Amino acid sequence: MPNVSTVQPSLSEASGHPASDSTVWPPAGGECGALIRRRAWANTPLGAVETWSPALRTTVSNIVNSPVPKVLMWGTDHVMLYNDAYRAVLGTQHPDALGRTTMEVWPEIAEWNREVLQRCLGGEIVCFREHAMTLMREDGPQQHVFDLFYTPVYEAADAAAGVMCTVLDVTDRARQEAALRVGNRRFRTAMDAVHGVLWTNSADGRMTGEQPGWAALTGQTQQEYEGYGWADALHPDDAQGAIATWNAAVEGRAMFVHEHRVRRSDGAWRNFAVRGLPILREDGSIDEWVGVHTDITEQRAAERSLVAQATALAAQVRHRERAEEQLRLLNENLEARVIAEIDERRQAEAKLAQAQKLESIGKLTGGVAHDFNNLLQVISGSLHLLSKDIAGNERAQRLVANAMAGVSRGAKLAAQLLAFGRRQPLEPRVVNATRMVQGMDDMLRRALGGAIEIETVLGGGLWNTFVDPTQIENAVLNLAINARDAMNGSGRLTIELANVHLDEAYARQHDEVAPGQYVMLAVSDTGAGMPPEVIARAFEPFFSTKPEGKGSGLGLSMVYGFVKQSNGHIKIYSEVGHGTTVKVFLPRAMQAEDVAVRLDAGAVEGGTEVVLVVEDDAEVREVVVAMLADLGYRVLQASDASKGLAVIESGIPVDLLFTDVVMPGPLKSPEMARQARQRIPDLAVLFTSGYTENSIVHGGRLDAGVELLSKPYSREALARKVRHLLGNRAQRQAAAPAAPAPSSAASASASTADRPTAASAPARPSAGVVLLVEDDPLIRVTSAAMLTDAGYAVVEAGSAEEAEALAQRHRPQVMVTDINLPGASGTELAAALRTQVPELVTIFASGDASPLLRGELSGSLILAKPYTSAALVSAVKAALEPAPPAQAAATSASADGRH
């Protein structure tokens, strides 16, 4: 076959225009264009290409370069010329169809084609939309749907020589539309089947436009249901809830799910389940809401009926099961049941006997401790008084010191007895056990010796616990010493701390254990271990497996009592020949750790006030009266509570009542103190005892507002406690004339707890800002008034914790604080604020100014209670205007108001 480009003229030559030899026709046109160029057309009805008319050549060029499927049917034989896009219509008939007639290519539609082509050759433009026809393919006839556009191609002005057809295969679209119509019919049928009503709402949740389903259901017109008018068709009890749920779904762009009652057009109320979803645009915004109301009235009625039937059936089943269970129990082996019940009863009786035994021993030891502490108090007090008379006699002083050491050992023994009996008054604080154990490292190594290897295993993120820090240290030391003795002075001691959770199953298996979160302290040794019979008696007081003289048998008893009194749990795990582990579980505390500050005792002070001593033990009473008289106080005495109350009622002025807790007779000490305060409202009360029972201590802790001095106590401890209480009493008396009514005081306290007083607002006075920390409301209000009158801005707080928060907010220059506060003390507060507010100067105001840190709180001043307005203002002024060291010392000494 000759090269088409050498025998066929180009388009420009066919048009009468010259062209270069390199021009080919038709230009480009893809595969079909190439086929046309290569084919020899001379022997076809069309003739050689160079004989083709301009109209034919132009039309062919346009067709083969078009991306749209097109075919040209030329001449009376309708010879087909087409482009690459038309190949998909031809299928496997390409390329053989190129240059053949339509009759040869499409015999299955020949008649239809002939009619259409005749119309077009007659000058008519013919168009078919979504025209279905069946075409023959290799695998058989196939249904197709086309959009067909027939256009006549004119060779002369009034004579059409061919027909060009644009073919668009829309079979897939037609199928989708047919499927959509089927789906719509199915949807409408399904909606009818479930009694559903379709509705649409606007993007903002309002019903708009025509809603034929809703209108048919409710009978509402478009004007009635538009916006939120649809809610008028809901039951009055359901409408507000439905609107609220709908608005929440619209706001959250979430599915609307609800159930409510709708009034049907005939007036009947029907139950409907409602579902609604937003239709989103491509940008994510809501186009509209589409929802369905489904009538579930019959379903709900059927459910209620089924529930009633199921309930009745379940009752019958339970009745039958109970009958069968009772019959089964009756048929069980009676002998086995009796044996099991006897065994359970024996175990319960053994536990009860052990509990009663420990309780009886506890009561006994408590009573013994009380009498023992009274004896120790007589000895201790007498030795303190004697020590003044033997000053300068070294031998006598050494003997008195030895006797005092014996008193201390006896007091420790009594404390251990009280600990086992759970009758010691605890002073719990929020403690971080990790720091506590780390702080005991040196002490433990000295106590255990170099032959004991100590290992500590500390868990991360350890919780705090609420315990008496002194008692927990004693417990760890006792457990460590027991472990040392079990290892004969050589071995490895492991102390482990971890957070644990005791579940209900564990609590059911162990007595007096509450499920919850605990801090676990475990002390393990590599000693000889303990057999079960020893473990069973390990917590009994005075029980010991050590040789005589090697132990008191109170170490584990004290630990047991302390742990139980702290609402904890203790468990011993031991295996003979392998060692022992004692695990102590202490309840978790959610509060922050309390800051520990060590206090030094200064010189004791006495006074001239009147003190009433009520003590049934004559020897103790004699010694206490002598110690108080030696301190300068005027002392009255009574042997029981009734006589003590008689002294109060006699009208003799009394400043402080100092009474034993455990007293004979019908009138108890707490009741005597209550009646005494009714007669002398500002009376200071101090309790003392070696065994408090439950009169002023509950849950192992002192009742609120109760002051206790435990026996045996020293002369110094007595002096400080009495001075502290009398100082607070004197301060309240000094403040009483200027104090407002109780309601006003409470209001003032509440209103100024978080801001400067009214006298200083809104602008801060030039005199400075003073943080006043005092737990007594009367003293706090009157002291604040004194400072406000002097021009200071006052920020008030009733506790150290409250003061710490206010200090960070108001940045005061001076803090006036009581030493003895609820929770953290005044000295602890000053230590904590020293790093937060470095410029803060602290003034300690207290009836007992001795327990201050020496050399650690520089810049502190002492203001002894009771103080006057002039003394208070003078102390604050001295704090704000630093003086030379000598002058500052003089100011500190004179700030107590005793000029």
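This write-up is about the structure you can find in this document. Please read these numbers as outputs of a predicted model, since none were measured by experiment.

### Notes on the packing of helix α26 (residues 777–789) against helix α29 (residues 869–880)
At their nearest, the axes of α26 and α29 sit 10 Å apart, and the two run at 65° to each other. Helix-helix and strand crossings are classified by hand; for α26 and α29 the assignment is right-handed. Contacts between α26 and α29 involve S783, M786 and L787 on the former and, on the latter, S869, L872, V873 and V876. Of the residues in the contact of α26 with α29, the class split is five nonpolar, two polar and no charged.

### Describing helix α21 (residues 618–630)
Taking 1.5 Å per residue, 13 residues should reach 18 Å; α21 reaches 18 Å between its end C-alpha atoms and fits that length. Turning to α21, its buried residues are V620, R621, V623, V624, V625, M627 and L628. Put simply, D617 is the residue that caps the front of α21, since its side-chain oxygen is 3.0 Å from the backbone nitrogen of E619. Looking one or two places after α21, you find G632, whose phi comes out positive at around 100°.

### Describing a positive patch on the surface
A cluster of basic residues, R181, R185, R186 and R188, forms a positive patch at the surface. With respect to the element layout, R188 can be found in helix α8 (residues 171–193).

### Section: the sheet that holds strand β19 (residues 656–660)
Taken in spatial order, the five strands make up an open sheet running β18-β17-β19-β20-β23, and their pairing is parallel. The open sheet terminates on both sides in strands that have one partner only, identified here as β18 (634–638) and β23 (708–710). Strand-to-strand twist of the sheet, defined as the mean angle between neighbouring strand axes without regard to direction, takes the value 20°. In terms of strand pairing, β19 meets strand β20 (residues 684–689) through five bridges, oriented parallel.

### Overview of a nonpolar patch on the surface
Together, M255, V257 and L277 line one region of the surface with nonpolar side chains, adding up to about 260 Å² of accessible area. Using a relative accessible area of 40% as the deciding quantity, one classes V257 as partly exposed.

### A few points about the sheet that holds strand β4 (residues 140–156)
Overall, antiparallel pairing links the five strands, which are arranged β2-β1-β5-β4-β3 in an open sheet. At either margin of the open sheet sits one strand with a lone partner, and together these are β2 (79–82) and β3 (126–137). Ignoring which end each strand starts from, the neighbouring axes of this sheet average 35° apart. Where β4 lies against strand β5 (residues 159–169), 10 bridges are found, and the strand directions are antiparallel.

### Looking at the packing of aromatic side chains
Given two aromatic rings, one states the distance between the centres and the angle between the planes to describe the pair. Overall, the coordinates contain 13 aromatic pairs when judged by the stated rule. With a centroid separation of 5.5 Å and 45° between ring planes, the pair formed by Y82 and Y86 is classed as tilted. You can call Y82 buried: its relative accessible area is 0%. For the ring pair F128 and Y150, a centre distance of 6.2 Å and an interplane angle of 90° mean the geometry is edge-to-face. Linking F128 in strand β3 with Y150 in strand β4, this pair joins segments that are 22 residues apart in sequence. On the basis of relative accessible area, Y150 is assigned to the buried category, the value being 4%. The structure contains a cluster of three or more aromatic residues connected by ring pairs, namely W199, W246, F256 and W289. If you follow R57 out to its NZ or CZ, it ends over the ring of W25, 4.5 Å from the centre. One cation-aromatic arrangement involves K583 over Y573; the distance from NZ or CZ to the ring centre is 5.2 Å.

### Remarks on the nonpolar core
Counting residues in each nonpolar core, the largest one holds 44 residues, and the members touching the most others are W52, V60, L72, L81, Y86, W106 and Y150. The biggest single contributor to this core is β5, with five residues. By size, the runner-up hydrophobic cluster in this structure holds 41 residues, among which are V467, A480, M487 and V582.

### A short note on the environment of N820
Inspection of the secondary structure puts N820 in the loop between β26 (814–817) and α28 (826–836). Distance in space between the C-alpha atoms of N820 and S846 is 7.7 Å, their sequence separation being 26 residues. Other than its neighbours up to four places away in sequence, N820 contacts H724, D775 and S846. At a separation of 2.7 Å, a polar atom in the side chain of N820 contacts the side chain of H724.

Cut-offs and rules
- Residues numbered from 1 in each chain as written.
- Predicted model: local features only at pLDDT ≥ 70, side-chain atom pairs only at ≥ 80, totals over all residues.
- Heavy atoms only, no water.
- Axes fitted to C-alpha atoms, helices over the stretch in contact; angles between N-to-C directions.
- Helix = DSSP H or I, 4+ residues; strand = E, 2+ residues; numbered from the N terminus.
- Left-handed = near helix turned anticlockwise from the far one by under 90°.
- Contact = heavy atoms within 4.5 Å.
- Nonpolar A, V, L, I, M, F, W, Y, C, P; charged D, E, K, R; others polar.
- Expected span 1.5 Å × (residues − 1).
- Buried < 20%, exposed > 50% of the residue type's maximum accessible area, 1.4 Å probe, protein only.
- Polar contact = N/O pair within 3.5 Å; in protein donor to acceptor, adjacent residues only side chain to side chain.
- Patch = residues over 30% accessible without salt bridge, like charges linked within 9 Å, V, L, I, M, F, W, Y side chains within 5 Å.
- Areas by Shrake-Rupley, 256 points an atom, 1.4 Å probe, with all protein chains shown as cover.
- Salt bridge = Lys/Arg side-chain N within 4 Å of Asp/Glu carboxyl O.
- Lys, Arg positive; Asp, Glu negative; His and termini not counted.
- Charge placed at Lys NZ, Arg CZ, Asp CG, Glu CD.
- Pairing = 2+ DSSP bridges.
- Phe/Tyr/Trp six-rings, centres within 6.5 Å; stacked < 30°, edge-to-face > 60°.
- Lys NZ or Arg CZ within 6 Å of the ring centre and 35° of its normal.
- Core = buried A, V, L, I, M, F, W, Y, C linked by side-chain atoms within 4.5 Å.

Read these as spatial facts, not as claims about activity.
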